[in-house]
Amino acid sequence: MVRTLIGYGLFLAGAAAQGFCPDYSSYSQQNHTPYSTGRYQLSYQRPIPACRTFNSTDVESLITQYQSVISDPDLYRLFQNSFPNTLDTAIKWIGYAANNSAEELTFVITGDINAMWLRDSANQMQSYLSLLKPSSAYNSLARLYRGVINLQARYLLTSPYCNSFQPPVESGIAPANNGAAGSDSVTPSYSATSVFECKYELDSLAAFLQVSVNYYTATKDADFFGKFQWVPAIQAILKVANDMMTPTYGSDGRVLASPYMFTRLTTRTTETLANDGLGSPVGNGTGLIRSAFRPSDDSTIFQLFIPANMMFSRYLDGAADIMAAVAQSNSSQAGVAAGLAGEMKQLAASLKAAIARHGIVTVAGNEGYNGDQIYAYEVDGFGSAAIMDDANIPSLLAAPFFGYLDKADPVYQRTRNHILDGSSVNGNPYFMRGPAINAVGGPHVGPGAAWPMASIVRILTSDDDREITQTLKEIVSTTDGLGLIHESVNSFNPGQWTRQWFSWANGLFGQMIIDLHSRKPEILKQRFQ
Ligand SMILES: *[C@@H]1O[C@H](CO)[C@@H](O)[C@H](O)[C@H]1NC(C)=O
Ligand SMILES: *[C@@H]1O[C@H](CO)[C@@H](O)[C@H](O)[C@H]1NC(C)=O
Ligand SMILES: *[C@@H]1O[C@H](CO)[C@@H](O)[C@H](O)[C@H]1NC(C)=O
Ligand SMILES: *[C@@H]1O[C@H](CO)[C@@H](O)[C@H](O)[C@H]1NC(C)=O
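The shown structure was predicted, so the numbers you read here are calculated from the model rather than taken from an experiment.

Visitor: Can you tell me about the environment of Q333, naming the residues and giving the values?
Guide: Tracing the backbone through its elements, the reader meets Q333 in the loop between α12 (306–329) and α13 (334–358). By relative accessible area, which is 19% here, Q333 ends up buried. Spatially, the C-alpha atom of Q333 lies 10.0 Å from that of M323, the residues being 10 residues apart in sequence.

Written out as C-alpha cells, the structure is:
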C-alpha cells in the first residue's frame, strides 16, 4: 500500500482517547531504551502497556517463551518488537454492529495510514494464526478474527471493487482524508465516507477468503459463517470474479463495457490505468480473472495477474468447504449454500487449469540451452507476458506459502530461480542486489529498494539452511537500529528506507520465526552478529 499518498496529522482515535499516548508514527521513528545487547543495539519499540491497542495473554506468553528459543539478542529484539505490532498499535476499534448487537466488528488499520485494507488486515490476523483457538471471550484472538470477517463482509457488500476502507460508523471515528484519491474517476462509483481508496485488486477478494479459511480451519466454527453477512459477501465476490472475466472485445470486435475503470491525475504510471481507465486489452477465453491493480496497489501491466488468480483459487477452494458446512449447519440456507459451495469448487478448479494453460511461459534460454518453462507474473490473453516478481504477497515467490502449490513443484522451482536472479538476461527486473540486502523489490518504491517482506517469504519457502541463515542475517542487520521491519531498504544503504510502521510486514516476520521454530529450531540457536 501507498505511503506517499498520505499527509501527516491523521486522526488516530485510540491514541486520542488515551490522551497521553504518543502517536506511533513518530514514536516508531525514534530510538527507545533498553537497546538489545548485540552489535546492532536495536531499540525497544513496543508502546507502554497502557497505550497498546489490544492485549493477548497468549501472544505475551509466546514472546516470553521465545526468549529461550532465540539465542541472538538482536534477533530476539526484532521478534519482540515486530510480532505484537498489530495488537500493540493497529486495533483501532472493536465493537458491535448498530443493527445487530451480536455482530462483532474489528477495525484494523494498516499502520501509518488510518484505514483498513482488506489484504493487510487479513494478513495482520494471519500472523497470530498459530495461537488461534475457539473462544467467545472479548479479549480473544478468535473475537478479533470474527470482527475482521464481519467488517470485511460489510465492506464487500458496499463496495466490492475497493481495496481500502474507512472506520465503521459505529466507531465514531472520523473518516480519513485521502488527498490522492481526490482526482480519481472510478466505475463503479463509491462513497468516500466508507471507502478510503477504490483500486480493484483480485487479491483483496482473496484476502477475505483467506481470513475466513484461517478462522474456520482453527475453530471449525461453521455456525458463525451462517449468522451474519458472510454468505451474501461470498455472492458479491463471485459476481465480481465472473464480471471481471469480461474480455476487452466482443465476438464481433466491438469494445465491451468494462465493469471496472479507474483513472487518477498523477505523475506515476503505476497509479492509473492505460487506455483512459480500461487497462491494457484482455483477450477472450483464458478463464482467468482480471485484476486492475497488484497487491502493491500499483496498476498491472497485463490484467491477467497470475499470483492473485493462484491465491483466489486456493482460498476459494478452502472457502467452499466452509460454505458446505454452512449448508449442513443452517437449514434455512441449506439449498443456497450447497449450490454456492459447488460453484466455488468448480471455479477454483477451472482457475487452476487456466493458470496451467495460460500462466506458464517459455523464457529465452542462454546459449546452448532451450529455455525454461516458468510462471509469468502477468499475461494478457493475446500472448504477451510480464516476466518478473514483486515483493508484495501474493507474489510468485509466495505461491507455496499461500498453499497454491508445493515448494518442490518443478515449475515453481524454475520460476524461483528466475525470481531470485538479478543479473542474467533471464532474471527478475525487480530483484535488488547489494552489500546490505538482496531481495525482490518492485515498482512501488522502485529500483534499488529491496523489500524485507520478500526476504521473509524467501525464508518461508526455503528448506536450505544456508539460504535461510544468510537471508535472516540481512534482515536483522538492516533495520537502521529501529528494530522494526521496514517496507523497503536501499540495498546499498540500510539508513535509507521507507515505512517503519507497516504492521503486516512486522507480523509476517513473527509468523516466519514461529514457522522456523517448528521446522528448523537449530537456526534460531545461531548468532547473527
Ligand atoms: C492492556 O493492558 C494494560 C495494562 O497492562 C492496560 O493499561 C490497557 O488499557 C490494556 N489495553 C486495552 C486495549 O485493553
Ligand atoms: C447494518 O448497518 C451497516 C452500516 O450502516 C450496513 O452497511 C449494513 O448493510 C447493515 N446490515 C443489514 C443486515 O442491514
Ligand atoms: C441461519 O441463517 C439465517 C439467514 O438465512 C440467519 O438469520 C440465522 O441466524 C441462521 N441461524 C443460525 C442458527 O445460525
Ligand atoms: C469468448 O470465447 C468463447 C469460446 O471460447 C465464446 O463462446 C464467447 O462467445 C467469446 N466471447 C467473446 C466476447 O468473444
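Visitor: Which residues make up the pairing of strand β1 (residues 91–97), and what values do they have?
Guide: Taking burial as the measure, the 7 residues of β1 include 6 buried ones, the bulk of the element. In sequence, β1 turns back onto strand β2 (residues 100–108) through a hairpin of 2 residues.

Visitor: Now, about the site of ligand 3: what can you tell me, with residues and values included?
Guide: Taken together, G226, K227, N330, S332 and Q333 make up the full set of residues near ligand 3. Between an oxygen atom of ligand 3 and a main-chain N or O atom of G226, the distance comes to 3.5 Å. Note that an oxygen atom of ligand 3 is positioned 2.7 Å from one of the side-chain N or O atoms of Q333. Relative to its unbound accessible area of 360 Å², ligand 3 is 46% covered by the protein chains.

Visitor: Any details on the packing of helix α6 (residues 118–126) against helix α17 (residues 503–519)? Residues and values, ideally.
Guide: Across the interface, α6 lies against α17 with an axial gap of 8 Å and an inter-helix angle of 30 degrees. The angle between α6 and α17 places the two elements in the roughly parallel class. For α6 against α17, the interelement crossing comes out left-handed. In this structure, α6 contributes R119, D120, N123, Q124 and Q126 to the contact, and α17 contributes S503, W504 and Q511.

Visitor: Could you give an account of the site of ligand 2, with specific residues and numbers?
Guide: Taken together, N99, R154 and Q229 form the complete shell of residues around ligand 2. N99 is positioned with one of its side-chain polar atoms (N or O) 2.4 Å from an oxygen atom of ligand 2. A total of 360 Å² of accessible area belongs to ligand 2 in isolation, and the protein chains cover 45% of it.

Visitor: Provide a residue-level description of the state of the cysteines, including the pertinent values.
Guide: Scanning all chains against the criterion turns up 2 disulfides. The residue that forms a disulfide with C21 is C51, at a sulfur-sulfur distance of 2.0 Å. Where C21 bonds to C51 through sulfur, the torsion about that S-S bond is close to -90 degrees, and the disulfide is left-handed. A residue pair is termed long-range when its members are at least 10 positions apart, and C21 in the loop between α1 (13–18) and α2 (24–27) and C51 in the loop between α2 and α3 (57–65) qualify at 30 residues. In terms of burial, C21 and C51 fall into one category: buried. Disulfide pairing places C162 opposite C198 at an S-S distance of 2.1 Å. Its S-S torsion of approximately -80 degrees makes the covalent link between C162 and C198 left-handed. Of this pair, C162 sits in the loop between α7 (141–158) and β4 (164–165) while C198 sits in the loop between β6 (195–197) and α8 (202–219), and the two are 36 residues apart along the sequence. Assigned by exposure class, C162 and C198 land together as buried. Here the disulfide map of the protein chain reads 1-2, 3-4, the bonded cysteines being numbered as they appear in the sequence.

Visitor: Can you lay out the pairing of β2 for me, pointing to particular residues and giving the numbers?
Guide: Working note: regular strand, side chains alternate between the two faces of the sheet. Inspection of the sheet shows β1 paired to β2 by 6 bridges, in the antiparallel sense. Looking at the pairing, A97 lines up with N100 of β2.

Visitor: Can you break down the sheet that holds β6 residue by residue, with the values?
Guide: In space, the 3 strands of this open sheet follow the order β3-β4-β6, with antiparallel pairing throughout. Since the sheet does not close on itself, it has two edges, and those belong to β3 (116–117) and β6, each with one partner. Summarising the sheet, β4 and β6 pair through 2 bridges and their orientation is antiparallel. Bridge pairing links F165 to V195 in β6.

Visitor: Which residues make up the sheet that holds strand β11 (residues 378–379), and what values go with them?
Guide: Taken together, the 3 strands give an open sheet; going across it, the order is β8-β11-β12, and neighbouring strands pair in antiparallel fashion. Two strands lie at the open edges of the sheet, namely β8 (304–305) and β12 (385–386), each paired on one side alone. Of the pairings in the sheet, the one linking β8 to β11 comprises 2 bridges and is antiparallel in character. Bridge pairing in β11 links F305 to E378.

Visitor: Run through the packing of aromatic side chains, naming residues and quoting values.
Guide: In the structure shown here, the tally under the stated rule is 20 aromatic pairs. Within the aromatic cluster, the residues linked to one another by ring pairs are Y145, Y215, Y216, F224, F225, F228 and W230. Over the aromatic face of Y216 sits the side chain of K220, whose NZ or CZ is 5.0 Å from the ring centroid. A cation over an aromatic ring shows up here: K352 above the ring of Y404, its NZ or CZ 4.6 Å from the ring centre.

Here is what the cut-offs are and how they apply
Residues numbered from 1 in each chain as written. Chains lettered and ligands numbered in written order. Predicted model: local features only at pLDDT ≥ 70, side-chain atom pairs only at ≥ 80, totals over all residues. Heavy atoms only, no water. Helix = DSSP H or I, 4+ residues; strand = E, 2+ residues; numbered from the N terminus. Buried < 20%, exposed > 50% of the residue type's maximum accessible area, 1.4 Å probe, protein only. Pairing = 2+ DSSP bridges. Near = heavy atom within 4 Å. Polar contact = N/O pair within 3.5 Å; in protein donor to acceptor, adjacent residues only side chain to side chain. Areas by Shrake-Rupley, 256 points an atom, 1.4 Å probe, with all protein chains shown as cover. Axes fitted to C-alpha atoms, helices over the stretch in contact; angles between N-to-C directions. Parallel < 35°, antiparallel > 145°, perpendicular 65-115°, else oblique. Left-handed = near helix turned anticlockwise from the far one by under 90°. Contact = heavy atoms within 4.5 Å. Disulfide = S-S within 2.5 Å. Phe/Tyr/Trp six-rings, centres within 6.5 Å; stacked < 30°, edge-to-face > 60°. Lys NZ or Arg CZ within 6 Å of the ring centre and 35° of its normal.

By themselves, these are just geometric observations and shouldn't be taken as functional.
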